[in-house]
Every structure is written in structure tokens, then in C-alpha cells.
Amino acid sequence: MKRAVWLLLLLAVVAHAATNMWIRTGEAYGIEPRLLYAISKVESGVRPLIISVNYKKLTKPQEQKLYTMLQSRNISYKKYSKVVEIDSKNSVTARGVIEFLDQNSYPSFDIGLMQINNVHKEKLAKMKIPLYALLNENTNLSVAADILWECYKKHRSNDKAINAYNGAIVGNSYYTKVSAELRKLLLLHENGSKRLFYRVI
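Remember, predicted model here, so these are calculated numbers, not experimental data.

A. The arrangement of the overall build of the protein in detail. Helix and strand content of the protein: 9 helices and 5 strands. Starting at the N terminus and ending at the C terminus, the protein contains elements arranged as α-α-α-β-α-β-β-α-β-β-α-α-α-α. When its C-alpha atoms are laid out on the principal axes, the protein stretches across 65 × 40 × 30 Å. With 201 residues in all, the protein has 43% of them scored as buried. Across the protein, every contact between residues at least 6 apart in sequence was considered, and the portion connecting residues at least 24 apart equals 65%. Per element, the accessible surface of the protein, about 11700 Å² overall, is 56% carbon and sulfur. Charge-centre separation for the protein: the mean point of 30 positive side chains lies 1 Å from the mean point of 16 negative side chains.

B. Spotlight on the packing of helix 4 (residues 60-72) against helix 5 (residues 91-103). As a packed pair, helix 4 and helix 5 sit with axes 12 Å apart at the nearest point and diverge in direction by 160°. Relative to helix 5, the element helix 4 lies roughly antiparallel. In the crossing of helix 4 with helix 5, the sense of the turn from one axis to the other is right-handed. Residues Lys65, Leu66 and Met69 of helix 4 form the contact with helix 5, whose participating residues are Val97, Phe100 and Leu101. When grouped by side-chain class, the residues that make up the contact of helix 4 with helix 5 number 5 nonpolar, no polar and 1 charged.

C. Region of the structure containing the nonpolar core. Of all hydrophobic cores here, the largest spans 56 residues; its most connected members are Leu66, Met114 and Tyr165. With 9 residues, the top contributor of residues to this core is helix 7 (residues 137-155). Setting aside residues up to four positions removed in sequence, tyrosine 165 forms contacts with Ile39, Glu43, Met114, Ile116, Ala144, Ile147, Leu148, Cys151 and Tyr174.

D. Quick peek at helix 2 (residues 21-29). Residues of helix 2 that are buried: Met21, Trp22, Thr25, Gly26 and Tyr29. All buried residues of helix 2 lie within an arc of 125° about the axis, which places them on one face of the element. Residues of helix 2 that are exposed and angled more than 90 degrees away from the buried face: Glu27 and Ala28. If you check the start of helix 2, you find a side-chain oxygen 2.9 Å away from the backbone N of tryptophan 22, and it comes from asparagine 20. Glycine 30 sits one or two positions beyond helix 2 and adopts a positive phi of about 70°.

E. Looking closely at the environment of leucine 186. Along the chain, leucine 186 falls in the segment after helix 9 (174-183). Leucine 186 gets classed as buried once you look at its relative accessible area, which sits at 13%. Those residues in contact with leucine 186 that lie beyond four places of it in its chain are Arg34, Asn191 and Lys194.

So, how was this worked out
All residue numbers here refer to positions counted from 1 along the written sequence of the relevant chain. In view of the model being predicted, local features appear only for residues whose pLDDT reaches at least 70, and side-chain atom pairs are presented and counted only at 80 or more, with totals across whole chains, interfaces and linings using the full set of residues. Remark: hydrogens and water are excluded; side-chain values derive from all non-hydrogen atoms of the structure. Helical segments are the DSSP runs of H or I of at least four residues, strand segments are the runs of E of at least two, and each set is numbered from the N terminus. A 1.4 Å probe rolled over the protein chains alone gives each residue an accessible area, and that area as a share of the maximum for its type sets the label: buried under 20%, exposed over 50%, partly exposed in between. Pairs of residues are marked as contacts when any of their non-hydrogen atoms sit within 4.5 Å. With residues, only the protein chains shown are counted as cover, and all accessible areas are computed by Shrake-Rupley using a 1.4 Å probe. Charge assignment in this entry is limited to Lys and Arg as positive and Asp and Glu as negative, and neither His nor the chain termini are counted. Here the site of a charge means NZ on Lys, CZ on Arg, CG on Asp, or CD on Glu. Orientation is described by axes fitted as lines to C-alpha atoms, over the contacting stretch for helices, and by angles from 0 to 180 degrees between their N-to-C directions. Roughly parallel here means an angle under 35 degrees, roughly antiparallel means over 145, roughly perpendicular means 65 to 115, and every remaining angle is called oblique. Definitions for this section: a left-handed crossing has its near helix turned counterclockwise from the far helix by less than a right angle. A right-handed crossing has that turn clockwise. Under the scheme applied here, ten amino acids are nonpolar (Ala, Val, Leu, Ile, Met, Phe, Trp, Tyr, Cys and Pro), four are charged (Asp, Glu, Lys and Arg), and all others, including Gly, are polar. Nonpolar cores are built from buried Ala, Val, Leu, Ile, Met, Phe, Trp, Tyr and Cys residues. Side-chain atoms within 4.5 Å join them into one set. Summarising the geometry, the arc corresponds to the directions from the helix axis toward the C-beta atoms. Polar contact is defined as a pair of N or O atoms within 3.5 Å, subject to the rule that within protein one atom must be able to donate a hydrogen and the other to accept it, and that residues adjacent in sequence are counted only when both atoms are side-chain atoms.

Structure (C-alpha cells):
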């Protein structure tokens, strides 16, 4: 009887792992799944419909046009030190925001769960992934993992790779922020010893 119960529990764990996108994506790209989750926590608060526009790179007319569009469509947003964070209520609204930004050539905006920047538009086009497809959690996470793995292959260190994912290696506190989130997810004996990238290069 006990053996049957343990077998059922094991099957439940295996089934959960098979459907858990963090584990599935981490294993596919050779990246610690909890690192991917920690990055999403820092980037979007694990919210798949968030779009962030870097208003520091906008002209005044672009900035005003953005606010006018958001207000006319009754889309909520918050302005932070560098970005306008747009919180769409649904994927249809979020897609409309992305199409507006893309069609009007807004220079820098981040999409979804892992905040993929539109600088990767050409790379995505080669993969036949339109920008609005990044609103899908699985697609967004898979693209982010691919970008992060390329950063690691280039820099060969955790901190540089993670900072590079954010766009700048030097003078960037991003790795510290991600590490703080990651520490909340690791067990005590894992701190300081956990391999974050484990695919053989």
C-alpha cells in the first residue's frame, strides 16, 4: 500500500515537472530553472502582459503620442525613472500596444514575462516569431533562455552573462538584483555553490 502511494506521488511529481515551463525550458537550454524565474521576477514581477517603454530614448512628440494612445484606450501605466510600464488587461490590448509601438518605430521597448527588447526583432523574424507572440509565456521564456545562453557562451561567467542579458556588463547592478531573488529560491546548502549554467560549452 505504502509503495503504491509513493509511486502515485512520484508520478505526480514527474507529471508536474513535464508541464512546468521553468523546468522544461531550463533543461532544454542548460540553465538553472530558478535563475529563469528570478530574472522574470526582477523583469516583470512574473507578469506576461507587461510592456515597458524606455522613454529616455523618445522624442517629446513620441512620448506625448504614447500617453495619448494609452489614455484614449484606457490602458493603465506607471512612469518610473527610465521606463513607462504598461499593464494591459488582456492579450488583445497588449498586442495592440505592441503593434502601435512597432508601427510607429519606437526605439526601445520590452515585452512580457522576461521583458524581451525589440532590439531582437530581426533575430525573432528569422525564427518566424512576431513581436506580439512574446506575450505567450512559453514563447517568451524560450526566447529569453536562448538570449541568456548566448550571453553565457560569450562571457563564460554568471555575473557577466546575467548583466549582459540586461544590456550592460559594466556599472550594472542587475546581477545583484537577480541574485537576491535567486537566493530566496535556493536551499541553504546550494547558496554559493549552485551551477546556474550547466550545459557543456
